[in-house]
Amino acid sequence: MIKTKALTLMLLAIFHNEVTANSPGPDQIEFFETKIRPLLSSNCFACHSQKANSKGKLKAGLYLDSHKGLIKGGDSGSVISPGKPDQSRIIEAVLYRNEDMAMPPKGKLPEEKIALIREWVQMGAPWPESDNEVVAVTPDNNEPYDWDKFRNEHWAFKKIQNPSPPQIENDAWPKNPIDNFIFSRLKQNQLAPNEPAPLRNLIRRAYLDLIGIPPSPEQVKAFLNDKSPDAFSKVIDSLLESEHYGERWARHWLDVARYSDGHGGFGDNKALPQAWRFRDWVVNALNSDMPYDLFVKKQIAGDLLDDKDPVPTGFFVVGPTYNSDGGDPEAKAQALAETLSDRVDTFSRAFLGLTAACARCHDHKFDPITTQDYYSLAGIFKNTRNIDAPVGNQNEIETHNSWKRAIDELNNKVNQFLDAESKRLSIDRKEVEKKLPDESKTKLNQIRSEIEQLKKSEPTKPAKAHVLAESGNADMHIALRGDLRKKGELAPRRFIEIIDDKERKKYSEGSGRIELSNSVVDPSNPLTARVIVNRIWGWHFGQGLVRTPSNFGTIGEKPSHPLLLDWLSSNFINEGWSIKKLHKTILSSATWQMSSDYNKEKFNKDGDNKMLWRYSPRKLEVESWRDTLLAVTGELDEKVGGSPDGEILNSKRRTLYATISRTGDRFQSDAFLRLFDFPAAVSTSPKRSSSVVPQQYLFMMNSAFMTTRAKHLGKQLFDSTNDTNSIIESAYQRLYSRPPDSNERDLANKLLGESPSQKNWELYAQVLLSAHELIQVR
């Protein structure tokens, strides 16, 4: 029976995982603009573009600066077969397998660049349908964009409004203003909201949503027995006060921060053993409800603020930092260019919801972001460096610094003494120690003895963290076609023009990070609050009001409820940028508390639930699912914080504490996490994908991790002194927060038999632990 159920699950997985071909989506276009177009521009366009043709430099009749040219090909025919990299000439060329067509001619591309081209071809070689469909050029004043048009017409660049909630007829349904906005849109679309979720579902949903593990049977019972009108409000408050809240919600932000413990492969293979200190800072910041504007400022310039907290700047350092494989100027320039691209891309998408890195080689094709804007931002990060800074107890740090200074002073004293003796005796500095008089040797040995004694008494060494530090204050030149060796005009460090204006202030304090952080959280910036409010909404509901959470530009999706997004954003700022207050507002709404029940008529009108007629059921993220497995079997180690646990499948700690490689292929833990849709930490991740594939259910059936959990739970059920039906009842309450129905009870009894053995209980436990209900929020 267990095998039959597993086979059914696998077949369902296959059918549910069918996909259909679509035109390029925002994520694919973004991949092209940030990864492929810059690569083509810097390596191919000089000989294969319209510009090359205008200069008489076109080679082989091949244009690589348009999709039409790419497909048509040149003298030798098409260079690409979308979806078939092994049949594409462009792949053959960059692999240098054919001497006659090895490209680019100056040298083979790095392996990671070749991998990007292969990935692009494999996904169908997406290319924007038109490179001129959005941008409004105004030749009269020689501006690249119609700035006023963008500011006045594109929703994301408009000032945040504070709209009044709509008046609605059904006054009984709304619990707070969120519901007025939702109900109004539902009515416009001839839809009605679902009924409230059953109380058992509601409390389970709240626990999984806010702390990532389900409630115990005792917690469910206490909630059901609490008849006070604020019973659920008290549940929300207790969960927001839990230290596990920060663990659950930190992981959301770590996706955005492309957090890993290093090991990024070619050019970025360095381990980051102290990356976890940034992870713990995020946990603590969220648990303390640090205002989001301060949360942002600290990650951009925490080392420069009054409290001099460098750890949060690990936001940038936990990402890739590329190094060349030698002294070759081209390789060094390319490594720096890629690192700066990562910093600008992560900064702009995380905090502003813009794809500024698309302007690295040319003005943005879709959004009002100029190449000047890109290098204004890149110049800020070019004036920083990665360091391992001491952190923790200030007295400990100062004591250790004093000890180091004392040793340095004595070493200087040795050098000064030898310099003086060399001069006095007219002996070469390299030879002076061999020819010192006995009296001088004695004096020198005394100083060195002091040094050795000091070294033996080293005070406690302070902890280190990977952080940003200042390294200069120079503006950066635009890199022509993205090549840092080819300098264009100077790009003063400052904020992007679409948010400020033409005469915006230039940054002059050090690298400019402190001024950048102020620009991001300035009340006049319409993006920052909208972006984080939309992210939080998406993490609660599975989809944001804007379903492209890191792209608020013109090729991103428009908000489904623009007035609600503005009301939430305005309220968020007025409430002191408090994330916990935003949680409370959302979870207190009738919208969040709706049932997830399917309704055929409503589904036919709004299948993807954009109008929010129900709470969308969805799979748990892999971290919460694994943590739930350990929690319901009674094995979860709830210790908060500290260094990663290496291979997480052998640990009882929460999945947050897994060691993660950037490439996702170094550790056993990586393979497990990626199997269940954990994002690659190569770049910032806007949201999780959700797949259902047979391999996931094979893991549930066959992995040592699952069989160990089943044995542990099975033994507990076997050791119980209760009768079989009572044990089945308690297992359901423990795993699913509900009692079994009669069919489930009958099925369990048939499987277990009259006198169940421990082996039977273990097999039954594995069925329960592998059930879809345990991996789903509904």
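Preceding this section is the structure that the text describes.
For every chain, the first residue of the written sequence is number 1, and numbering continues from 1 onward in sequence order. Only residues with pLDDT of at least 70 are given local features in this predicted model, and only at 80 or more are side-chain atom pairs given and counted; all residues enter the totals for whole chains, interfaces and linings. Derived side-chain values reflect all non-hydrogen atoms in the structure, with water molecules and hydrogen atoms excluded from consideration.

## Some words on the overall build of the protein
Move 1: A run of DSSP states H or I qualifies as a helix once it reaches four residues; a run of E qualifies as a strand once it reaches two. Both are numbered from the N-terminal end. Along the protein, the regular secondary structure elements total 31 helices and 6 strands.
Move 2: Across its three principal directions, the C-alpha atoms of the protein cover 100 × 75 × 60 Å.
Move 3: Throughout, exposure labels follow a simple rule: accessible area from a 1.4 Å probe, protein chains only, divided by the maximum for the residue type, with under 20% read as buried, over 50% as exposed, and the rest as partly exposed. Out of the 778 residues in the protein, the part that is buried amounts to 53%.
Move 4: Restricting the contact set of the protein to residue pairs at least 6 apart, pairs at least 24 apart contribute 66%.
Move 5: Exposure was quantified through the Shrake-Rupley algorithm and a 1.4 Å probe, taking into account, for residues, occlusion by the shown protein chains and nothing else. A total of about 35,200 Å² of accessible surface is found on the protein, and carbon and sulfur atoms cover 49% of it.
Move 6: Computed over 106 positive and 105 negative side-chain charges, the inter-centroid distance for the protein is 2 Å. Whether two residues are in contact is decided by their heavy atoms: any pair within 4.5 Å suffices. The positive count covers Lys and Arg only, the negative count covers Asp and Glu only, and His and the chain ends enter neither. By convention, the charge on Lys lies at NZ, on Arg at CZ, on Asp at CG and on Glu at CD.

## Remarks on the packing of aromatic side chains
Move 1: The aromatic pairing rule takes the rings of Phe, Tyr and Trp, using the six-membered ring of Trp, and pairs them if the centres are within 6.5 Å, calling planes under 30 degrees apart stacked, those over 60 edge-to-face and the rest tilted. Taken as a whole and assessed by the stated rule, the structure comprises 41 aromatic pairs.
Move 2: Seen from their ring centres, tyrosine 145 and phenylalanine 150 are 6.1 Å apart, and the 85° between their planes marks the pair as edge-to-face. Judged on exposure class, the residue tyrosine 145 and its partner phenylalanine 150 are both buried.
Move 3: Note on tryptophan 253 and phenylalanine 295: the rings are 5.4 Å apart at their centroids and 65° apart in plane angle, and the pair reads as edge-to-face. Taken as a pair, tryptophan 253 in helix H12 (residues 243-256) and phenylalanine 295 in helix H14 (residues 292-301) lie far apart in primary sequence, 42 residues in all. As far as the burial class goes, tryptophan 253 and phenylalanine 295 line up, both buried.

## Looking at the pattern of salt bridges
When charged atoms on two side chains of opposite charge get close, those side chains can pair.
Move 1: One side-chain nitrogen of Lys or Arg within 4 Å of one carboxyl oxygen of Asp or Glu is enough to make a salt bridge. Taken as a whole, this structure holds 49 salt bridges when the rule is applied.
Move 2: Among the salt bridges present, the one from glutamate 497 reaches arginine 504, with a minimum N-O distance of 3.9 Å. Of the two residues examined, glutamate 497 and arginine 504, each falls in the buried class.
Move 3: For arginine 654, the salt bridge goes to aspartate 627, with nearest N and O atoms at 3.0 Å. Taken as a pair, arginine 654 in the loop between helix H25 (622-632) and helix H26 (668-675) and aspartate 627 in helix H25 lie far apart in primary sequence, 27 residues in all.
Move 4: A network of salt bridges, in which partner residues are shared, links Glu143, Asp373, Glu497, Lys502 and Arg504.

## Comments concerning the side chain of aspartate 179
Move 1: By secondary structure assignment, the location of aspartate 179 is in helix H8 (residues 177-188).
Move 2: One buried charged side chain, aspartate 179, makes no salt bridge at all; its nearest oppositely charged neighbour is lysine 175, positioned 7.3 Å away.
Move 3: Here a polar contact is taken to be a pair of N or O atoms separated by no more than 3.5 Å, where protein atoms must pair a possible hydrogen donor with a possible acceptor and residues adjacent in sequence count only if both atoms sit in side chains. Engagement of the side chain of aspartate 179 in a polar contact is seen with the backbone nitrogen of lysine 175, the distance being 2.7 Å.
Move 4: For aspartate 179, the contacting residues outside a window of four places in its chain are Trp173, Pro174, Ser589, Ala590 and Thr591.

## A closer look at unusual backbone geometry
Move 1: At serine 426, a residue that is not glycine, the phi angle is positive and equals roughly 55°.
Move 2: Tracing the sequence through the fold places serine 426 in the loop between helix H18 (394-425) and helix H19 (438-456).
Move 3: The exposure class assigned to serine 426 is exposed, which follows from its relative accessible area of 68%.
Move 4: The backbone of arginine 481 shows a phi angle near 55°, a positive value even though the residue is not glycine.
Move 5: The residue arginine 481 is located in the loop between strand S3 (476-479) and strand S4 (487-491) in this model.
Move 6: Accessibility expressed as a relative area gives 31% for arginine 481, which makes it partly exposed.

## Brief notes about helix H13 (residues 276-287)
Every α-helical turn comprises 3.6 residues, leaving residues that sit three or four positions apart pointing alike.
Move 1: Here the expected span of a helix is defined as 1.5 Å times the quantity of residues minus one. Its 12 residues place the ends of H13 16 Å apart at the C-alpha level, agreeing with the 16 Å of an ideal helix rising 1.5 Å per residue.
Move 2: Counting buried positions over the 12 residues of H13 gives 9, a clear majority of the element.
Move 3: Residues of H13 that are buried: Trp276, Phe278, Arg279, Asp280, Trp281, Val282, Val283, Ala285 and Leu286.
Move 4: Next to the buried residues of H13 lie H12, H14, helix H15 (314-317) and helix H23 (579-587).
Move 5: Looking at the residues trailing H13, positive phi occurs at aspartate 289, about 55°.

## Looking at empty space enclosed by the protein
Move 1: Cavity: a set of points on a 1 Å grid over the protein atoms alone where a 1.4 Å probe fits but cannot get out. Pocket: an open set with protein on both sides within 12 Å along at least five of seven lines, its lining residues, like those of a cavity, having an atom within 4 Å of a point. Grid points are joined across faces, edges and corners, and a volume is the space filled by probe spheres set on the points. One pass over the structure, following the stated rule, counts 9 cavities of 30 Å³ or more.
Move 2: Quantified by volume, the largest cavity comes out at close to 110 Å³.
Move 3: Lining the largest cavity are Arg200, Asn201, Arg204, Arg205, Leu208, Tyr736, Ser737, Arg738, Glu773, Gln776, Val777 and Arg778.
Move 4: Secondary-structure elements contributing two or more residues to the lining of the largest cavity are helix H9 (199-210) and strand S6 (776-777).
Move 5: Sort the elements by how many residues they give to the lining of the largest cavity and H9 lands first, with 5 residues.
Move 6: Its residues assigned to classes, the lining of the largest cavity comprises 3 nonpolar, 3 polar and 6 charged. Gly falls in the polar group here, along with every residue not listed as nonpolar (Ala, Val, Leu, Ile, Met, Phe, Trp, Tyr, Cys, Pro) or charged (Asp, Glu, Lys, Arg).

## Topic: a positive patch on the surface
Move 1: Residues form patches when they are more than 30% accessible in relative terms and have no salt bridge. Like charges link within 9 Å. Nonpolar side chains (Val, Leu, Ile, Met, Phe, Trp, Tyr) link within 5 Å. Where like charges cluster on the molecular surface, the positive patch consists of Lys51, Lys55, Lys57, Lys59, Lys106, Arg481 and Lys486.
Move 2: In this structure, lysine 106 sits in the loop between helix H5 (89-94) and helix H6 (111-122).
Move 3: According to the relative accessible area criterion, lysine 106 is exposed, its value standing at 74%.

## Observations regarding helix H22 (residues 562-574)
Move 1: Between the first and last C-alpha of H22 there are 18 Å, a value that for 13 residues agrees with the 18 Å anticipated at 1.5 Å per step.
Move 2: For H22, the set of buried residues is Leu564, Leu565, Asp566, Trp567, Leu568, Ser569, Ser570 and Phe572.
Move 3: Structurally, H22 contributes buried residues whose contacts are with H8, H14, helix H21 (528-541) and H23.

All quantities given are derived from atomic positions and should not be read as evidence of function.
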